[in-house]
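A look at the structure
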Amino acid sequence: SSRFFSPININNILVQGAVMTVIAIGMTYVIVGGGFDLSVGSVVALSGIVAAWVMLETNAAFGVVAGLAIGAFVGLINGLIVTKLDVNPFIATLGTMVFLRGLTFVLTDGQPVMGDEGLPQVFLDFALSRFLGIPYLVWLPIFVIFVFSWLLHHTAYGVRVFATGGNTEAAYLAGVNVQRIKTSTYVWCGTLAGLGGVMLASRLQSGQPTAGVFYELTAIAAVVLGGASLYGGEGKLYKSVIGVFIMVVLANALNLANVPSHWQQIAVGLVIVAAAAADRWRHRKAR
């Protein structure tokens, strides 16, 4: 399509990938640490709603902090369920996902949260403003990538995350507090999903109870496409970001090609299956 390389479409790809990028960074932490989180899509919706509510009652800054805090709290709950109660991460976060999605509809009665006069203008301007021609919504994930890449790949904490995901028993015998490390990865994942929810609320100009549907599957697929192992102990953040944009460009290209939405879902599903199969093949080859 002649429209693919147009400035408008490139901007659309960057903005669409911005929210998913911060979510995928958190998902990378969990997967590298040997975990799994299906609740991030529901956290996106809940964080956006809470942020919108709080800023309508106070101001934009408190709303943003509240959105991040609710994400971190959900991540902490997920981590404690997995580590303290020894519940399988898939089951634990599946339950959290369903619970939170229902909670968002109960709290909002299925209606967007935006107030009679709309959300604070300074919050809405964040999604519209640009620096050097690039939206702030794109600059923020770039900053997040640098910070969390340094934390994961260049600190002792990052070494412990890889060790915990690669071989939990060996990490424990080496003196690593594996429960604390695993819980921390869920907290980071929840916090970044909360950030994604706040970003999405700014872009949509409201807190939407339907936001974030299927985001967890897209994030997991992007991380696995980027080379992270579902068995833990392997992954790089910049490759996860590449995986995000593979998914985003795929969806964008299908839209430009006028492919019906249900066929787009089939294509994305095939990519997820292919990514999981490729991860399994890599794991067998490594063994």
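Structural notes, computed from the coordinates. (Residues numbered from 1 in each chain as written. Predicted model: local features only at pLDDT ≥ 70, side-chain atom pairs only at ≥ 80, totals over all residues. Heavy atoms only, no water.)

1. Concerning the overall build of the protein
Cut-off, in case you're wondering: Strands here mean DSSP runs of E at least two residues long; helices mean DSSP runs of H or I at least four residues long; both are numbered from the N terminus. With the radius of gyration taken over C-alpha atoms, the globule rule is written as 2.2 Å times the number of residues to the power 0.38. Between buried and exposed lies partly exposed: a residue is buried under 20% and exposed over 50% of the maximum accessible area for its type, with that area taken using a 1.4 Å probe on protein chains only. By definition in these notes, contact holds between two residues if any of their heavy atoms fall within 4.5 Å. Shrake-Rupley sampling with a 1.4 Å probe provides the accessible areas, and residues are treated as covered by the protein chains on show and by no other component. Positive charges come from Lys and Arg, negative ones from Asp and Glu, while His and the chain ends are left out of the count. To locate a charge, the coordinates of NZ of Lys, CZ of Arg, CG of Asp or CD of Glu are taken.
A count of helices and strands for the protein gives 12 helices and two strands. A compact globule built from 287 residues would reach a C-alpha radius of gyration of about 19 Å, and the protein, at 19 Å, matches this within 12%. Its C-alpha atoms give the protein principal-axis dimensions of roughly 55 × 45 × 35 Å. Within the protein, buried positions represent 47% of all 287 residues. Sequence-distant contacts, at least 24 apart, represent 79% of the contacts inside the protein between residues at least 6 apart. In the form shown here, the protein has an accessible surface area of approximately 14000 Å², with 67% of it arising from carbon and sulfur atoms. Averaging the coordinates of the 15 positive side-chain charges in the protein and doing the same for the 11 negative ones gives two points 17 Å apart.

2. A closer look at the side chain of Ser 202
Position of Ser 202 relative to the elements: it lies in helix 9 (residues 178-204). Ignoring sequence-local partners within four residues, the contact set of Ser 202 consists of Phe 123, Leu 124, Phe 126 and Ala 127.

3. Details of the side chain of Thr 185
Inspection of the secondary structure puts Thr 185 in helix 9. With residues up to four places along the chain from it excluded, the contact list for Thr 185 reads Gly 26, Tyr 29, Val 30, Tyr 157 and Val 161.

4. Some words on empty space enclosed by the protein
As a reminder, the rule being used: With a 1 Å grid laid over protein atoms only, a set of points is called a cavity when a 1.4 Å probe fits there but cannot get out and a pocket when it is open yet has protein on both sides within 12 Å along at least five of seven lines; lining residues have an atom within 4 Å of a point. Grid points are joined across faces, edges and corners, and a volume is the space filled by probe spheres set on the points. Any residue outside Ala, Val, Leu, Ile, Met, Phe, Trp, Tyr, Cys, Pro, Asp, Glu, Lys and Arg is labelled polar, Gly included; the first ten of those are nonpolar and the last four are charged.
All told, the structure shown has one cavity of 30 Å³ or more when counted by the stated rule. In this structure, the largest cavity spans a volume of roughly 30 Å³. Those elements that place two or more of their residues in the lining of the largest cavity are helix 2 (40-57) and helix 9. Here the lining of the largest cavity is composed, by residue class, of seven nonpolar, five polar and no charged.

5. Details of helix 11 (residues 237-256)
Test applied: To estimate the expected span of a helix, count its residues, drop one, and scale the result by 1.5 Å.
Counted at 1.5 Å a residue, the expected span for helix 11 with its 20 residues is 28 Å, and the 29 Å between its end C-alpha atoms agrees. Every buried residue belonging to helix 11 is among Leu 237, Ser 240, Val 241, Gly 243, Val 244, Met 247, Val 248, Asn 252, Leu 254 and Leu 256, and all of these are buried. Where helix 11 is buried, its residues meet helix 1 (7-32), helix 6 (136-153), helix 10 (215-225) and helix 12 (261-286). After helix 11 finishes, the residue Asn 258 shows a positive phi value of roughly 60 degrees.

6. Focus: the environment of Ile 246
Inspection of the secondary structure assignment puts Ile 246 in helix 11. For the pair Ile 246 and Val 15, spaced 231 residues apart in sequence, the C-alpha separation works out to 14 Å.

7. Observations concerning helix 4 (residues 89-108)
Selection criterion: Directions are taken from the helix axis to each C-beta atom, and the arc is the one they span.
Over its 20 residues, helix 4 extends 28 Å from the first C-alpha to the last, a length consistent with the 28 Å expected when each residue adds 1.5 Å. Residues Pro 89, Ala 92, Thr 93, Thr 96, Met 97, Leu 100, Arg 101, Thr 104 and Thr 108 constitute the buried set of helix 4. Projection of helix 4 onto a plane perpendicular to its axis shows the buried side chains occupying an angular sector of 155 degrees, all on one side. Along helix 4, exposed side chains directed more than 90 degrees from the buried face belong to Ile 91, Val 98, Phe 99 and Val 106. The elements touched by buried residues of helix 4 are helix 2, helix 3 (60-83), helix 9 and helix 10.

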